[in-house]
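Examination of the molecular architecture
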Amino acid sequence: MPPSELEARFRVAGPQIIHETFEGGETVLIDLVSGCYFSVTGGGPALWARLVRGETCAEIVAGWPGADAEAVRGFAARCVQEKLLLPDATLTAPAPGAAGEPWAAPQMERFTDMQDLLLLDPIHEVDAAGWPRAAAPSA
Amino acid sequence: MNASAVEGYFEAVWQGALRGSLEGPAEAMPLGGGLELLLRFTGETVRSQLRPALAHLLQPRPAVAGADVVIAEGTQRLPAPPWPVSAYGARGLVSGLPERFRASYNFDSSVLAFCDLVTRRAVVWAREAERLPVYERAAPLLGVLPWLLAPTLATPEPRLVVHGGAVGHASGALLLAGRGGSGKSTTALAAWCAGFDYLADDYALLHETPAGPQVRSLYGSAKVDEPMLARLPELIRWGAPVPGAFDGPKRLLLAGTGTPAVAAARPLRALVLPRVAPDAAPVARLEPASAGEALRALAPSTLFQLRDSSPETTRCLARLAGTLPAFRLHLGTELDSVTAALRDLLGSLAP
């Protein structure tokens, strides 16, 4: 993450990102555009929640006893890299949150097995009636 | 895209679909909670190809003149679409339509699915009904069902089509969730052969009722392969081939063959996530799975396979994953142990 983004605030990258957090300590993130989905565990669900409510990495580290600054930055950078979060300069500091859970390193696992369902069909031709058909394979 | 052009095109397609060669009453497909779809087949071939997989659910409605879904065939009465070729996206979904319309065109099966969400009418038009692929014959209307399930004032309860199988007993059912190849069909068919009620092996309807979630059957068909037929020879005796030539993985009709039941609906008790492994132990075993794991097994394949990415769909799946118990099912090589594990699980979950 570039230094300028270390103090950035973030928002969920768009409606194509679905995120659900469960009491058992997992956030599931689904990117409807790329077909990738993610399992976030460890301290990740709490960290994700703080990022999407608009806290900067610095604010998170300052307000979370024992937080590992590199791990926080690394997680935020990964979320940006995976196009799950976007920096948003229009956001302002959120109200202080309730005391959080003890620090734990975030884990993020990425799954790509659904991507083949999103592959575009080959370029299509149009038949005489105006309906598309798969392009004939080239010789 | 010009809204009036699309609206006019839908009306032309709808009227053309109604003018098919086959006349007859509509049939009702119940979807629970008072919601039912009125289906009307207007072509002999498409009726013979698509109706059998739905037949276990259909009920005559001789007095009803209208329809919600018209299933038509042929090319004569189907005008060319007003949208450009560039509008077709992944899986033939047409982009850029006015908000009230949904359309897709399957390049492989030459089937148009077209829906007007406002008037709640849909057309499924098979341009080449005589060569419908087996997946269309085994799971008809799959393209339009998610579009027609949006809650209304009269039927406000959430419903969604999910990528999953389901088996059970009168007291309740288990939803089998996982990506293709995870063992859903093997588990569902082994259970059916062992006396469970069959509801689905690949696609099921979830219905959130005030009394709790229900799982409903959509298709009386199932996917089989040669190894499965060898392990479950009852399938050959009890199942009937889906009409038409086989052109891919085989599908059998399980409903209406006078054999173990294909149930219409059961209360949903738990989510089961089958797993196959090349080095599987002989005996199947169940172990608890987290809500997140259950959602990962259920949501991505449902969202991407059924092209249903509405926020309500995700919320409904998350509610199910968050409230129902979930279990990993490590399939054993002995299918009797799979059904024994499911039987024990259902027994432990009975209300």
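Preceding block: the structure.
Rules used throughout
Residues numbered from 1 in each chain as written. Chains lettered and ligands numbered in written order. Predicted model: local features only at pLDDT ≥ 70, side-chain atom pairs only at ≥ 80, totals over all residues. Heavy atoms only, no water. Helix = DSSP H or I, 4+ residues; strand = E, 2+ residues; numbered from the N terminus. Buried < 20%, exposed > 50% of the residue type's maximum accessible area, 1.4 Å probe, protein only. Contact = heavy atoms within 4.5 Å. Areas by Shrake-Rupley, 256 points an atom, 1.4 Å probe, with all protein chains shown as cover. Core = buried A, V, L, I, M, F, W, Y, C linked by side-chain atoms within 4.5 Å. Phe/Tyr/Trp six-rings, centres within 6.5 Å; stacked < 30°, edge-to-face > 60°. Lys NZ or Arg CZ within 6 Å of the ring centre and 35° of its normal. Salt bridge = Lys/Arg side-chain N within 4 Å of Asp/Glu carboxyl O. Axes fitted to C-alpha atoms, helices over the stretch in contact; angles between N-to-C directions. Parallel < 35°, antiparallel > 145°, perpendicular 65-115°, else oblique. Left-handed = near helix turned anticlockwise from the far one by under 90°. Nonpolar A, V, L, I, M, F, W, Y, C, P; charged D, E, K, R; others polar.

Once that is clear, we can look at the overall build of chain A. The secondary structure content of chain A amounts to 4 helices and 8 strands. Out of the 139 residues belonging to chain A, those deemed buried represent 40%. Put simply, 64% of the contacts in chain A that link residues at least 6 apart link residues at least 24 apart. In the form shown here, chain A has an accessible surface area of approximately 7,300 Å², with 56% of it arising from carbon and sulfur atoms.

The biggest cluster of nonpolar side chains holds 40 residues, and the ones touching the most others in it are Ile 30 of chain A together with Val 162, Leu 175, Leu 206, Val 215, Leu 268 and Leu 317 of chain B. Per-element tally for this core: the top contributor is helix α8 (residues 291-305) of chain B, with 8 residues. Setting aside anything within four residues of it in sequence, one finds Leu 268 of chain B in contact with Ala 173, Leu 174, Leu 175, Leu 206, Pro 213, Gln 214, Val 215, Leu 320 and Leu 324 of chain B. Leu 22, Ala 113, Leu 141 and Leu 142 of chain B belong to the second largest nonpolar core, which has 36 residues in total.

Residues and elements named next belong to chain B. With the rule as written, the count across this model stands at 14 aromatic pairs over all chains. On the numbers, 6.0 Å between centres and 75° between planes, the contact of Tyr 105 with Phe 107 is edge-to-face. Assessed through its relative accessible area of 1%, Tyr 105 is described here as buried. Put simply, the rings of Tyr 9, Phe 10, Trp 14, Trp 83, Phe 101 and Phe 114 touch in pairs and so form one group of aromatic residues. Across the ring face of Trp 14, the terminal group of Arg 121 is positioned such that the distance to the ring centre comes to 5.0 Å.

Right, let's get into the pattern of salt bridges. All names here are of chain A. A full pass over the atoms with the stated rule returns 30 salt bridges over all chains. Note that Arg 110 and Glu 82 form a salt bridge whose closest N and O atoms lie 3.1 Å from each other. With Arg 110 in strand β6 (residues 106-111) and Glu 82 in the loop between α4 (69-81) and β5 (85-87), this residue pair connects regions lying 28 residues apart in the sequence.

Moving on, we come to the packing of helix α2 (residues 44-52) of chain A against α4 of chain A. Residues and elements named next belong to chain A. The N-to-C vectors of α2 and α4 enclose an angle of 70°; their axes lie 11 Å apart at closest approach. With respect to each other, α2 and α4 are oriented roughly perpendicular. The interaxial crossing formed by α2 with α4 has right-handed handedness. On α4, the residues that touch Gly 44, Leu 47, Trp 48 and Leu 51 of α2 are Val 72, Phe 75, Ala 76 and Cys 79. For the contact of α2 with α4, the residue count by class is 7 nonpolar, 1 polar and no charged.

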